[in-house]
Amino acid sequence: MHIMAGSLQDQLLSKGLINKNKAKKIQREQQHQKRVSKKHKTELVDEAKVAAEQAQKNKAEQDKKLNQELKAKADERAIAAQIKQLISNNNISVKSKDVAFIFHHQGKSQTLVVERAQEEQIKKGRLVVVQQVEIKDSHKYQLVPSQIADKIASRNTNYIAYQADLQQLAQDEEDPYAEYEIPDDLMW
């Protein structure tokens, strides 16, 4: 048995099945196929690389959004704790419940029973009614000095339940009839 060595092309040439021109043409086609397949492989690798990079960018954006949301929630909780501490440290207690002060908050009429002097201070803007959102008992409204209310409002205005309008107070002081007292039977 005779073993043939060499490439298939050489074997076909030696048997006379193909001529030299045909062999060269086949060789060129094979080289062209190798070049195309290398290029195609690199294109596939590049596409996979681009897809991986895009997935990584998307993941980074999602992580960034999630971190921002978590930070915002943490900041919100910290601000709520600061406000709660401001209210608890600076609230003004009501010793004698003389007058029911009625004010509007969140579209409803609310009542806070206070002393007469405190009612005047609320009307003049020296005291402010604030709401402790997290408290579930009936004492959800507290009185604080206006300076503390300003600090609370700078953090979150939702805690301010009632604050006198200082511009309206200035106009009322200019009222020529402000000196005249209203008879008790005309007050409601």
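Everything discussed here concerns the structure shown above.
Residues numbered from 1 in each chain as written. Predicted model: local features only at pLDDT ≥ 70, side-chain atom pairs only at ≥ 80, totals over all residues. Heavy atoms only, no water.

Participant: Would you mind going over the overall build of the protein with me for this structure?
Facilitator: Tallying secondary structure elements over the protein gives five helices and five strands in all. Along its sequence from the N terminus, the protein presents helices and strands in the succession α-α-β-β-α-β-β-α-β-α. Burial analysis of the protein (188 residues in total) assigns 20% to the buried set. The long-range fraction of contacts in the protein, counting pairs at least 24 apart against all pairs at least 6 apart in sequence, stands at 49%. When the accessible surface of the protein is split by element, carbon and sulfur atoms take 51% of a total near 15,500 Å². (Helix = DSSP H or I, 4+ residues; strand = E, 2+ residues; numbered from the N terminus. Buried < 20%, exposed > 50% of the residue type's maximum accessible area, 1.4 Å probe, protein only. Contact = heavy atoms within 4.5 Å. Areas by Shrake-Rupley, 256 points an atom, 1.4 Å probe, with all protein chains shown as cover.)

Participant: Help me out: how do you make sense of the nonpolar core in this one?
Facilitator: Burial of nonpolar side chains together is a common tendency in soluble globular proteins. In terms of nonpolar packing, the biggest core is built from twelve residues, these being Ala80, Ile83, Leu86, Ile87, Val128, Val130, Val144, Ile148, Ala149, Ile152, Tyr159 and Ile160. Listed by contribution, the elements that provide at least two residues to this core are helix 2 (20–90), strand 3 (127–131) and helix 4 (146–155). Broken down by element, the residue count for this core peaks at four residues, all from helix 2. Look past the residues within four positions of Leu86 in its chain and what remains in contact with it is Ile148, Lys151, Ile152 and Arg155. Core analysis: the next-biggest nonpolar cluster, separate from the first, contains ten residues, Phe103, Val114, Leu143 and Ala161 among them. (Core = buried A, V, L, I, M, F, W, Y, C linked by side-chain atoms within 4.5 Å.)

Participant: Looking at this structure, how should I read the sheet that holds strand 3?
Facilitator: To summarise the sheet geometry, strands pair through backbone hydrogen bonds and adopt either a parallel or an antiparallel arrangement. Taken together, the three strands give an open sheet; going across it, the order is 4-3-5, and neighbouring strands pair in antiparallel fashion. Lying at the two open borders of the sheet, with one neighbouring strand each, are strand 4 (141–145) and strand 5 (160–162). Taking each pair of neighbouring strands and ignoring which way they run, the sheet shows an average axis angle of 45 degrees. Pairing geometry for strand 3 and strand 5, over two bridges, is antiparallel. Bridge pairing in strand 5 places Val130 opposite Ile160. Of the strands in this sheet, strand 3, strand 4 and strand 5 are in contact with helix 3 (residues 116–123), which crosses strand 3 at around 90 degrees. Lying over the sheet, helix 4 contacts strand 3, strand 4 and strand 5, oriented at roughly 110 degrees with respect to strand 4. (Pairing = 2+ DSSP bridges. Axes fitted to C-alpha atoms, helices over the stretch in contact; angles between N-to-C directions.)

Participant: Would you take a moment to explain the pairing of strand 1 (residues 99–105) for this structure?
Facilitator: In summary, the side chains of a regular strand alternate between the two faces of the sheet. Side chains of strand 1 alternate between two faces, with Val99, Phe101, Phe103 and His105 buried and Ala100, Ile102 and His104 left unburied. Strand direction decides the pairing type here: strand 1 and strand 2 (residues 108–114), joined by seven bridges, are antiparallel. Residue pairing across strands places Phe103 opposite Gln110, the latter belonging to strand 2. Taking the residues between adjacent antiparallel strands as the criterion, strand 1 and strand 2 are bridged by two residues, where Gln106 takes a positive phi near 55 degrees.

Participant: Honestly, helix 4 in this entry has me stumped. Any pointers?
Facilitator: Given 3.6 residues per helical turn, the α-helix brings residues three or four places apart onto the same face. What helix 4 keeps buried is the set Ser146, Ile148, Ala149 and Ile152. What you see down the axis of helix 4 is that its buried residues fit within an arc of 150 degrees, all on one side. Exposed side of helix 4, more than 90 degrees from the buried face: Gln147 and Ser154 are the residues found there. (Arc of directions from axis to C-beta.)

Participant: I keep staring at unusual backbone geometry and nothing clicks. Help me out?
Facilitator: Among all residues except glycine, the phi angle is most often negative; among peptide bonds, the trans geometry is most common. In this model, Gln106 sits at a positive phi of 55 degrees, which is unusual for a non-glycine residue. Position of Gln106 among the secondary structure elements: in the loop between strand 1 and strand 2. According to the relative accessible area criterion, Gln106 is exposed, its value standing at 65%.

Participant: Would you mind going over the pattern of salt bridges with me for this structure?
Facilitator: In a structure, side chains of opposite charge can pair up when their charged atoms sit close to one another. Scanning all chains against the criterion turns up three salt bridges. Where Asp75 meets Lys71, a salt bridge forms, and the shortest distance between an N and an O atom there is 3.1 Å. With a gap of four residues between them, Asp75 and Lys71 both fall in helix 2, about one helical turn apart. Across the pair Glu119 and Lys123 runs a salt bridge, and its minimum N-O distance is 3.4 Å. Separated by four residues within a single helix, Glu119 and Lys123 lie in helix 3, roughly one turn from each other. (Salt bridge = Lys/Arg side-chain N within 4 Å of Asp/Glu carboxyl O.)

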